[in-house]
Amino acid sequence: MGKEKVILDEAAIRRALTRIAHEILERNKGVDDCVLIGIKTRGIYLADRLKERIHQIEGKSLPCGELDITLYRDDLTEKNDQPEVRETNIPDISGKKVILVDDVLFTGRTVRAAMDALIDRGRPQMIQLAVLVDRGHRELPIRPDYVGKNVPTSRAEVVSVYLSEVDEGEERVSIRQQNQG
């Protein structure tokens, strides 16, 4: 395993999310008719944090939901014979501006699956994408609207996001070389 390099620490993650919250408010002229939807797993916690920041800044509470894209993945059969499907819990999105939240944007396939899952549940007015890290290497024509940090990577590198809610109190984004072999 390659040496891990921290590219965002706890304070940098906090600042990036605060900036994204301000950008969401500015682009949408507030948050009327907006809904935050986090992609399982870490996108959910990032969406919750954005909801808190927006409430602190604007004094308004946004509906927030969780989206499990397991059955929408195009690599489902490659990953596991028996995929574990977790609960999807999203508010009504019809006619709303949906802000889809994920931790790392890579090929774009996860976001495509999330858009398919959303559209099966309603017809949003628009879908925007907020990611903590954009590492490049897109395979689909998907571009984020809000980015915490752009991190140019090679395909041999792995970007890992650790959030205190799921990673035993750890809070960082790191990059390392993938195991070869």
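The chain appears in an unreviewed UniProt entry as Bifunctional protein PyrR from Thermoactinomyces intermedius. Check the Sequence similarities (unreviewed entry) section of the UniProt entry for the chain; it says "Belongs to the purine/pyrimidine phosphoribosyltransferase family. PyrR subfamily." Here is the UniProt Subunit (unreviewed entry) comment for the chain, exactly as written: "Homodimer and homohexamer; in equilibrium."

Engineer: Explain the sheet that holds strand 2 (residues 34-39) to me, and be specific about the residues and the numbers.
Structural biologist: If you trace the five strands from one edge of the open sheet to the other, you get 3-2-4-5-6, paired in parallel fashion. Each having just a single partner strand, strand 3 (64-67) and strand 6 (146-150) make up the two edges of the open sheet. Here the strands of the sheet are splayed against their neighbours by 25 degrees on average, with no regard to which way each runs. Bridge analysis of strand 5 (residues 126-134) against strand 6 gives four bridges, and the strand direction is parallel. Paired with V131 across the bridge in strand 6 is V147. Most of the contacts of helix 1 (residues 10-28) go to strand 6, to which it runs at about 150 degrees, and overall it touches strand 2, strand 4 (97-105), strand 5 and strand 6.

Engineer: Describe the side chain of T70, naming the residues involved and giving the relevant values.
Structural biologist: Mapped onto the fold, T70 is located in the loop between strand 3 and helix 3 (76-79). On the basis of relative accessibility, which here comes to 11%, the residue T70 falls in the buried class. Among the polar contacts made by the side chain of T70, one reaches the side chain of D68 at a distance of 2.6 Å.

Engineer: Account for the sheet that holds strand 8 (residues 172-177), naming residues and giving values.
Structural biologist: The three strands are arranged 1-8-7 in an open sheet whose pairing can be described as antiparallel. The open sheet has two edge strands, strand 1 (5-8) and strand 7 (157-162), and neither has a second partner. Averaged over all pairs of adjacent strands, the angle between their axes in this sheet comes to 30 degrees, without regard to strand direction. Direction of pairing for strand 1 relative to strand 8: antiparallel, over a ladder of three bridges. Bridge pairing links V6 to S174 in strand 8.

Scoring rules and cut-offs
Residues numbered from 1 in each chain as written. Predicted model: local features only at pLDDT ≥ 70, side-chain atom pairs only at ≥ 80, totals over all residues. Heavy atoms only, no water. UniProt positions renumbered as here; feature names shortened; annotations may be inferred. Pairing = 2+ DSSP bridges. Helix = DSSP H or I, 4+ residues; strand = E, 2+ residues; numbered from the N terminus. Axes fitted to C-alpha atoms, helices over the stretch in contact; angles between N-to-C directions. Contact = heavy atoms within 4.5 Å. Buried < 20%, exposed > 50% of the residue type's maximum accessible area, 1.4 Å probe, protein only. Polar contact = N/O pair within 3.5 Å; in protein donor to acceptor, adjacent residues only side chain to side chain.

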